[in-house]
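# Summary of structural features
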Amino acid sequence: MARPSRRTSASPLFTPGGRRDRAALKATRRHLADAASAAGRTNASDTAAQAGQDDSRPVYPVSGRPGPASARGNRLKLPAHRMTTAVAAGAYPFLAEGGLGAEGLYIGRDVHAEASFCFDPFTLYGKVSGYTNPNVLLAGVIGQGKSALSKSFALRSIAFGHRVYVPCDPKGEWTPVAEALGGTSIAIGPGLPGKLNPLDAAPRPDSVPAREWEGEVRKRRLLLLGSLARTVLGRDLQPMEHTALDVALDTVVTTAETNGRTPLLGEVAATLNNPASLDEAGGAMSGRLGEAARDLAHALRRMVHGDLAGMFDAPSTVAFDPTAPMLTIDLSRLSGGSDDTALVLAMTCASAWMESALSDPGGGRRWIVYDEAWRLMRHPGLLQRMQAQWKLSRGLGIANLMVIHRLSDLLTAGDEGSRGRALAEGLLADCSTRIIYRQETDQLHAAATLLGLTTVETEAISHLGRGRGLWKVAGRSFVVQHLLHPRERTLFDTDARMH
Ligand SMILES: Nc1ncnc2c1ncn2[C@@H]1O[C@H](COP(=O)(O)OP(=O)(O)OP(=O)(O)O)[C@@H](O)[C@H]1O
Ligand SMILES: [Mg+2]
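In this report, we go over the structure that sits alongside the text. These numbers come from a predicted model, not from an experiment.

### Some remarks on the overall build of the chain
A count of helical and extended segments in the chain gives 20 helices and eleven strands. A buried classification covers 36% of the 499 residues belonging to the chain. Long-range contacts, defined here as pairs at least 24 residues apart, represent 71% of the contacts in the chain between residues at least 6 apart.

### Topic: the site of ligand 1
As a matter of local geometry, ligand 1 sits amid 17 residues, with Gly145, Ser147, Ala148, Gly467 and Thr494 nearest to it. A total of three residues in the shell around ligand 1 trace back to one element, the largest contributor, which is helix α5 (residues 146–158).

### Some points on the environment of Leu300
Mapped onto the elements of the fold, Leu300 is located in helix α12 (residues 294–305). Among all residues touching Leu300, those that are not within four sequence positions of it are Leu228, Ala229, Leu265, Val268, Ala269 and Leu272.

### Remarks on the nonpolar core
With 109 residues, the main nonpolar core has Ala244, Leu272, Leu300, Ala346, Ala350 and Leu401 as its most contacted residues. Broken down by element, the residue count for this core peaks at eleven residues, all from helix α13 (residues 340–357). Taken domain by domain, the makeup of this core includes at least three residues from each of domain 1 (97–189 + 326–499) and domain 2 (197–317). Setting aside chain neighbours within four positions, we find Ala346 in contact with Ile188, Leu308, Met311, Leu331 and Leu334.

### Re the pairing of strand β4 (residues 163–169)
When you tally the buried positions in β4, you get seven out of seven residues, the bulk of the element. Inspection of the sheet shows β4 paired to strand β7 (residues 366–370) by three bridges, in the parallel sense. Opposite Arg163, over in β7, you have Arg366 as the bridge partner. For β4 and strand β6 (residues 326–330), the ladder comprises four bridges, and the chain directions are parallel. Its bridge partner being in β6, Val166 is matched across the sheet by Thr328.

### Details of unusual backbone geometry
Positive phi, normally seen in glycine, also occurs at Glu372, with a value near 60°. With 21 C-beta atoms packed within 10 Å, Glu372 lands in the buried category. A positive phi is found at Ala474, a non-glycine position, where the angle reads about 45°. On the secondary structure map, Ala474 appears in the loop between β10 (468–473) and β11 (476–482).

### Structural notes on the pairing of strand β9 (residues 433–436)
On β9, burial covers both faces: Thr433 and Ile435 on one face and Arg434 and Ile436 on the other are all buried. When β9 meets β10, the two strands line up antiparallel, connected through four bridges. If you follow Ile435 over to β10, its bridge partner there is Trp471.

### Considerations on helix α10 (residues 275–282)
Residues spaced three or four apart along an α-helix point in a common direction, a consequence of the helix completing one turn every 3.6 residues. Every buried residue of α10 is accounted for by Leu278, Ala281 and Gly282. Along α10, the residues classed as buried sweep out an arc of 100° about the axis, all on the same side. In this structure, the buried residues of α10 make contact with α8 (239–258), α9 (265–272) and α11 (289–292). Positive phi shows up at Gly283, right after α10, with a value of about 80°.

### Re the sheet that holds strand β1 (residues 105–110)
With mixed pairing, the eleven strands of this open sheet are ordered in space as β2-β1-β11-β10-β9-β3-β8-β7-β4-β6-β5. Pairing within the sheet leaves two strands with one partner each, and these edge strands are β2 (115–119) and β5 (184–187). Within this sheet the neighbouring strands show an average axis-to-axis angle of 25°, counted without direction. One ladder, built from five bridges, connects β7 with strand β8 (residues 398–404); its direction is parallel. Paired with Arg366 across the strands is Ile398, a residue of β8.

### Some points on the packing of helix α7 (residues 210–233) against α13
Interhelical geometry of α7 versus α13 gives an angle of 175° and a closest axis separation of 11 Å. The angle between α7 and α13 falls in the class roughly antiparallel. Along its contact with α7, which presents Arg220, Leu224, Ser227, Leu228 and Thr231, the element α13 presents Thr341, Val344, Leu345, Thr348, Ala352 and Ser356. Here the contact of α7 with α13 is composed, by residue class, of five nonpolar, five polar and one charged.

### Brief notes about helix α17 (residues 419–429)
Residues Gly420, Leu423, Ala424 and Leu427 constitute the buried set of α17. The buried side chains of α17 occupy one side of the element, clustering within an arc of 95° when seen end-on. Contact partners of the buried residues in α17: α14 (374–377), α15 (380–396) and α16 (408–411).

### Some words on the packing of α7 against α15
Where α7 meets α15, the axes come as close as 7 Å, and the angle between the chain directions of the two elements is 155°. Judged by the inter-axis angle, α7 sits roughly antiparallel to α15. Facing Leu223, Leu224, Gly226, Ser227, Arg230 and Thr231 of α7, the residues of α15 in contact are Gly381, Leu382, Gln384, Arg385 and Ala388. When its residues are assigned to classes, the contact of α7 with α15 shows four nonpolar, five polar and two charged.

About the thresholds
- Residues numbered from 1 in each chain as written.
- Chains lettered and ligands numbered in written order.
- Predicted model: local features only at pLDDT ≥ 70, side-chain atom pairs only at ≥ 80, totals over all residues.
- Helix = DSSP H or I, 4+ residues; strand = E, 2+ residues; numbered from the N terminus.
- Buried ≥ 20, exposed ≤ 12 C-beta atoms within 10 Å, placed from the backbone.
- Contact = placed C-beta atoms within 7 Å.
- Near = placed C-beta within 6 Å.
- Core = buried A, V, L, I, M, F, W, Y, C linked by C-beta atoms within 7 Å.
- Domains from an automatic or database assignment.
- Pairing = 2+ DSSP bridges.
- Arc of directions from axis to C-beta.
- Axes fitted to C-alpha atoms, helices over the stretch in contact; angles between N-to-C directions.
- Parallel < 35°, antiparallel > 145°, perpendicular 65-115°, else oblique.
- Nonpolar A, V, L, I, M, F, W, Y, C, P; charged D, E, K, R; others polar.

Structure (structure tokens):
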């Protein structure tokens, strides 16, 4: 049987030398070594005389330096080799990504390709395979530049006519950005005049039939009430509690509409706290509805009489302006307390108010930035509301940007297999773009598991510097250095108080 010929490459990448060549080379090398040591001996005295002159420069034979370091000295000569780019990728695997194209927002430098990196969730949609939604997840440890990147997204996308909404800004750091871009900021807090009614219904868009819109508004309100109750109670609602919430909302809405008003959270809480009227409104099937709603009544009471009193239980003092380029809700006066729940509830109410205002499909391309979203992750009730909103957003032309610290923030929503965990993972799956800034070493495993990172990528994210992130866009990877314009640097500076 004929032995198959062994070929390492389609064309001569290596030119194996014959036995004789190797023997000749070896003899030459030996010759050279002898000559060099002889020259060293005879020239020893000359060398001393020429002290100060550099004579250590090696002299190599024409074939290059002998031994394993033969390529040094630029004498290595290989025959020219031609191959297709597909073969080249195998022969030389260290190829850089080609980038996502030049359309959209300039972000900075792709550090592997040494090229500009541009990104626009709206233009990529439908163009890149596997890019199923415009949502972005941004994770990184404190002070790495997550907010700065989000603000650059906002600032740079306004030039494209996109609008930017920040429904909850617990640090108040977006207000100067909104002002600089001609937008507005609403501050909510104890003693402040600003009030938002999360049960506000946005005006019906012309394209949506009245019945459908009514159902949509009701669904949003129920989802909000359920989330608030679930967060305060720290548990899922019982079936009878769901019914009670349903019935209470319908009662309050009917009364409010008769009087030409918008329903208020306080009215829902009062109805839940009135077992007789609840039983009556519930009809035949619900003899103990009033009794079952007791916990709910206490939960919603917090929104009305507790630390959030008056802020989300009054007619809104501001009207939503769909033409403003940017709108932010500043909740910084609320933070600082030891109890995070009040802030989280406020963030939810503020988000609900803004999201309902953004439910016009003809509102153009918009960004919703959930900065500090990690605070919401611990509450499955809030996650569920957020996920429902995200499902809608694609049809509305909205890109959501969620900023968290660690990927394990997503895991705090519940144990493996729990509903909370499923919701968090669903939210992650709804982000086609994941930007990972530096992660602590103990977080690398969670990040690698959740995002399916390679070992090289996992290693990379533990060493990223400020403003540098691993971008995973529909399965493709980039390491990008976000570059700030000097004006942006001044406007986005959150270190000022540290200097
Ligand atoms: N790409 C960058 N180049 C230079 N400086 C940057 C860059 N990104 C951010 N910074 C600076 O780093 C500081 C911290 O940034 P930023 O507030 O965005 O961090 P963060 O990740 O949002 O922090 P936190 O987790 O506390 O919210 C800011 O003063 C900002 O100006
Ligand atoms: Mg930040």
